Amino acid sequence: MYALVDGNNFYVSCERAFQAKLEGVPVIVLSNNDGAIVSRSAEAKALGLKMGEPLFQVRHLVEQHQVRVFSSNYALYGDMSRRFMYYLASVAPEIEIYSIDEAFLDLRGMERYHGGLAAYAAKIRMEVRRRTHIPVCIGIAPTKTLAKLANRVAKKNADLGGICYLNTAEKRLWALAQIGVEDVWGIGHQYATKLYAAGIRTAADLAQCTESWARKHLGGVVGARLVRELQGTACHALQPSEDGTLARQSIACTRSFGTPLSAFPDLLGAVGAFTSRAAEKLRRQGSAVNTLTVFISKNRFGPEPPPYTFSTVITLPMATDDTGELLRHVRVAVKRIWQPNTVYKKAGVVLDGLEAAGQQQLSLFACPNRGEVRAQLMHELDRLNKRYGAGTIGFATALSPLGKHHAPWLGKADRRSARFTTCWDELWSIR
């Protein structure tokens, strides 16, 4: 049996964990740069506020119903997620962290130690709420796809008490009938349109398809496995998690600017800051990069004509994880694509062609000792920034003369709450 544990309205729940006055009132959390809605409380959903909706389009609803609005507070959400996942890892023999607020648990054999899995899930749900104040729903089923579906059923049906356990064929058939085919894990918009045209409207309809039909119309073996999972046959085991244990094939850091930029030093500083962040992630997973892509974008809704995005790709002479070396190439890349008297709204850097650091092919003229010294320097840089806060020490190219909290490329976060668990200056004070 697999369980999917999912934090309800996770970003909103993190805000409520430290502000009890938000309970029972409509709350929304915005994306980077305070653009669109990325998390909604149940009360906000009831008002008709939709996921991904730009704030300016629903400002009248927000003001009319006094909806509480927050900027994204990723330092808080990330730390709360870490606490959430740490507890889940202690109650199951194997865990796959699927996203910041979701995790699959392998519960095979747990009945002999904890009795019924429904009662065990209730205990997990209660402990997560007690430890983090985050409400969760849990779906339990013989396959990961069914566990995902069961979790959705648990969220839709308040009578289930946040837990849906598909331990019989009858329960599985009932749950499949509750979910539209467009909400099945692995079915996107295009496949949903195709399935509706074929008269397949619910997950139950899809589960009745033959494997040969699924192979023909749903992407070959992937579609066949999806149907088999809905029928109760496990085809997917737990995978390495997005928690630092999974080595990514590419690393990207892209942001929209809080203030449009046109001056070359400002644009270079923005791309340099994004490169520094990507390099930290690169070193954290023990990789080195071969290929560097840099892009800058104009405002596609502004008066300037297309093209809106300009990019360039640089193949490095030797794979590296050295921030200083990457910044040297970034300067060349930005010079190549920057145009004077042009206003830019977004930029980013993508690191591709990753390989294990320390095992890369050296240049004919490379000095091994210098590499060891630079590696130690990067280690100390990461250690100090981890201890004293991100951005405490960095390269001058990536720093703003106004200070790390006032860089012109930083996104808007006028409504951000305090970083209650990660910043000394913003901890709770008891009076």
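Residues numbered from 1 in each chain as written. Predicted model: local features only at pLDDT ≥ 70, side-chain atom pairs only at ≥ 80, totals over all residues. Heavy atoms only, no water.

Caption draft 1: Spatial organisation of the sheet that holds strand E2 (residues 27–30). Spatially, E3-E2-E4 is the arrangement adopted by the 3 strands of the open sheet, whose pairing is mixed. Each edge of the sheet is formed by a strand with only one pairing partner; in this case those strands are strand E3 (37–40) and strand E4 (68–70). The average angle at which neighbouring strand axes cross in this sheet is 25°, direction not considered. (Pairing = 2+ DSSP bridges. Helix = DSSP H or I, 4+ residues; strand = E, 2+ residues; numbered from the N terminus. Axes fitted to C-alpha atoms, helices over the stretch in contact; angles between N-to-C directions.)

Caption draft 2: Region of interest: helix H1 (residues 10–18). With 9 of 9 residues buried, H1 is to be regarded as a mostly interior element. Taken together, the buried positions of H1 are Phe10, Tyr11, Val12, Ser13, Cys14, Glu15, Arg16, Ala17 and Phe18. (Buried < 20%, exposed > 50% of the residue type's maximum accessible area, 1.4 Å probe, protein only.)

Caption draft 3: Highlighting unusual backbone geometry. For the bond running from Pro306 to Pro307, omega is 5°, close enough to zero to count as cis. Examined against the element boundaries, Pro307 turns out to sit in the loop between strand E10 (287–297) and strand E11 (309–320). Despite not being glycine, Asn9 has its phi angle at roughly 45°, a positive value. Mapped onto the elements of the fold, Asn9 is located in the loop between strand E1 (2–7) and H1. Backbone geometry places His133, a non-glycine residue, at a positive phi of 65°. Among the structural elements, His133 can be located in the loop between helix H6 (117–132) and strand E7 (136–141). Judged by relative accessible area, His133 falls into the partly exposed class, the value being 47%.

Caption draft 4: Region of interest: the nonpolar core. If you look at the biggest cluster of nonpolar residues, it comprises 38 residues, and the most contacted ones within it are Leu88, Leu107 and Ile124. Top element by residues in this core is helix H4 (residues 74–91). It accounts for 8 residues. Domain assignment of the residues forming this core places at least three in each of domain 1 (9–75) and domain 2 (77–231). Those residues in contact with Leu88, other than ones at most four positions away along the chain, are Val5, Ile95, Ala103, Leu105, Ile124 and Val128. Core analysis: the second largest hydrophobic core is formed by 33 residues, Ala147, Ala204, Ala207 and Leu226 among them. (Core = buried A, V, L, I, M, F, W, Y, C linked by side-chain atoms within 4.5 Å. Domains from an automatic or database assignment. Contact = heavy atoms within 4.5 Å.)

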